[in-house]
Amino acid sequence: MKTSAAPRAWQRMLSGRRLDILNPSPLDVEIEDIAHGLARVARWNGQTQGGVIFSVAQHSVLVADICALLDPALSPRGKLYALLHDAPEYVIGDMISPFKAALGSVYREFEARLAQAILQRFSLNPDPPAALERLTKKADRISAFFEATRYAGFEADEAKTLFGAPDVAPEPLESLLAPMSSEQAQALFLDRFKAFDRGP
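About the cut-offs
- Residues numbered from 1 in each chain as written.
- Predicted model: local features only at pLDDT ≥ 70, side-chain atom pairs only at ≥ 80, totals over all residues.
- Heavy atoms only, no water.
- Phe/Tyr/Trp six-rings, centres within 6.5 Å; stacked < 30°, edge-to-face > 60°.
- Helix = DSSP H or I, 4+ residues; strand = E, 2+ residues; numbered from the N terminus.
- Lys NZ or Arg CZ within 6 Å of the ring centre and 35° of its normal.
- Buried < 20%, exposed > 50% of the residue type's maximum accessible area, 1.4 Å probe, protein only.
- Lys, Arg positive; Asp, Glu negative; His and termini not counted.
- Salt bridge = Lys/Arg side-chain N within 4 Å of Asp/Glu carboxyl O.
- Contact = heavy atoms within 4.5 Å.

Description of the packing of aromatic side chains
Phase 1: For the coordinates displayed, the defined rule picks out 6 aromatic pairs.
Phase 2: Between Trp44 and Phe163, the ring centres sit 6.0 Å apart and the planes meet at 80°, which makes this aromatic pair edge-to-face. Of this pair, Trp44 sits in the loop between α1 (31-38) and α2 (56-70) while Phe163 sits in helix α8 (residues 156-163); the two residues are 119 residues apart in sequence, bridging distant segments of the chain.
Phase 3: Relative to Tyr151, the ring of Phe54 has its centre 5.3 Å away and its plane inclined at 40°; by these criteria the two rings are tilted. One end of the pair, Phe54, is in the loop between α1 and α2; the other, Tyr151, is in the loop between α7 (130-150) and α8, with 97 residues separating them in the sequence.
Phase 4: Connected via pairs of aromatic rings, a cluster forms that spans Trp44, Phe154 and Phe163.
Phase 5: Sitting above the plane of the Trp10 ring, Arg18 keeps its charged end 4.2 Å from the centroid.
Phase 6: We note Arg113 situated over the ring of Phe110; from NZ or CZ to the ring centre the distance is 5.5 Å.

Take a look at the structure:
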């Protein structure tokens, strides 16, 4: 009797790594794969104005820089954690919050496994200090406000209701909020990674 083979549970990356999405190993995580993937994943399900997507890589750099504005004493490793806060999306894509909520624990389990493997790969604590987690989430909401009002068609009042009013000025972030190609976003993400990964 013919038995059906188990479905393939790995993704081949451009580095040649085969990442098991059910049981990801830190040994199969490469920063070049993360940067390449995130630079080609669209925020807001691609429902943004303009000729280029606003990528998760660009968003990740923006969040890390907002964290540094909110906490000038933040360590390079803290900035690295912020840079990698959405790194699992290089495998699973960027799902909008309502869809994540609808999927519930199934999505969260996959995301958590990938996040743990990524953080371990770069010697970051899988259970970061609560203050760093709060800071990153606050910066994430501020980034979402700027993206929503500039690219995703939200009015300021609606964005404030959903994400809160930003308490940093956009002026220091203008270069990161400007349209950016996937190649530019990928290079910028890798530059930030190299800068943060060297620090204590």
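Looking at the side chain of Asp94
Phase 1: Within the secondary structure, Asp94 is located in the loop between α4 (89-92) and α5 (97-103).
Phase 2: Among buried Asp, Glu, Lys and Arg side chains, Asp94 stands out as unpaired, with Arg43 the closest opposite charge at 4.1 Å.
Phase 3: Each residue touching Asp94, except ones within four places of it in the same chain, is listed here: Val41, Ala42, Arg43, Trp44, Asn45, Val56 and Glu89.

Functional significance is not addressed by these values, which are geometric in nature.
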